[in-house]
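This is what each chain is made of:
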Amino acid sequence: MRKRKRRGAGRYNRLITFQRRQAVDDGFGNTKGDWEDIFTSPARLEPKLGGEATTAARLQGTQPHMMTIRSNTAAREVTPAWRAYDARNTKLVFDIKSAINPDERNGDIELLVVENGSG
């Protein structure tokens, strides 16, 4: 029996909050501040299971995931300088490695993320 893929809103089984660093000048030319919440979105989170890069990441103690969110103005601004965390389990933090618009139609944004472990 084949497993059916979820369609519609039911496939987004997580609530993820996206953050970026505040641009705060420290007087020495650095502009890193604290993380600030930008938006929260339903998301689908799937662990990456196969491939050489995934195996190498696991050996280093990290777990890569593919995170999918619906596209909107805020979601299209996400870059690898941002991070995300599970809004229901704030200790689960993800570093964003890449963000793409896979079909170029602004339906979904796919993010390659890695569990950070420091929430």
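Source: prediction; values computed, not measured.

Caption draft 1: Inspection of the overall build of the protein chain at higher detail. A tally of helices and strands in the protein chain yields one helix and six strands. Ordered by position from the N terminus, the helices and strands of the protein chain form the series β-β-α-β-β-β-β. Within the span of the protein chain, comprising 119 residues, buried residues form 31% of the whole. By sequence separation, contacts in the protein chain at least 24 residues apart represent 54% of the contacts at least 6 residues apart. Split by element, the accessible area of the protein chain, about 8200 Å² in all, is 46% carbon and sulfur.

Caption draft 2: Region of interest: the sheet that holds strand 3 (residues 64–70). As summarised here, the arrangement of the six strands in space is 1-2-3-6-5-4, forming a closed barrel in which the pairing is antiparallel. Across the sheet, the axes of successive neighbouring strands diverge by a mean angle of 45°, strand direction being ignored. Bridge count between strand 1 (residues 14–23) and strand 2 (residues 32–47): nine bridges; the pairing is antiparallel. Residue pairing across strands places Thr 17 opposite Thr 40, the latter belonging to strand 2.

Caption draft 3: Main features of the pattern of salt bridges. Applying the stated rule across the entire model yields three salt bridges. The salt bridge involving Glu 46 is made with Arg 44; its shortest N-O contact spans 2.7 Å. With relative accessibility at 17%, the residue Arg 44 sits in the buried group.

Caption draft 4: A look at unusual backbone geometry. Of note, Glu 104 is a non-glycine position whose phi angle comes to about 60°, a positive value. Along the chain, Glu 104 falls in the loop between strand 5 (89–100) and strand 6 (108–115). Judged by its relative accessible area of 67%, Glu 104 is exposed. Positive phi outside glycine occurs at Asn 106, with the angle close to 60°.

The rules behind each value
- Position numbers for residues start from 1 in each chain and track the written sequence from start to end.
- In view of the model being predicted, local features appear only for residues whose pLDDT reaches at least 70, and side-chain atom pairs are presented and counted only at 80 or more, with totals across whole chains, interfaces and linings using the full set of residues.
- No hydrogens and no water enter the side-chain calculation; it runs on all heavy atoms of the structure.
- Starting at the N terminus, helices and strands are each numbered in turn, a helix being any DSSP run of H or I of at least four residues and a strand any DSSP run of E of at least two.
- In this scheme, a residue with accessible area under 20% of its type's maximum is buried, one over 50% is exposed, and one in between is partly exposed, where area comes from a 1.4 Å probe on protein chains only.
- Contact definition: two residues touch when any of their heavy atoms are within 4.5 Å.
- The protein chains shown are the only cover counted for residues, whose accessible areas, like all others here, come from Shrake-Rupley with a 1.4 Å probe.
- Any two strands with at least two DSSP-identified bridges between them are counted as paired.
- Axes here mean lines fitted to C-alpha atoms, for a helix over just the part in contact, with angles spanning 0 to 180 degrees between N-to-C directions.
- Whenever Lys or Arg places a side-chain nitrogen within 4 Å of a carboxyl oxygen from Asp or Glu, that contact is recorded as a salt bridge.

It is worth stressing that arrangement in space is one thing and function is another; only the former is reported here.
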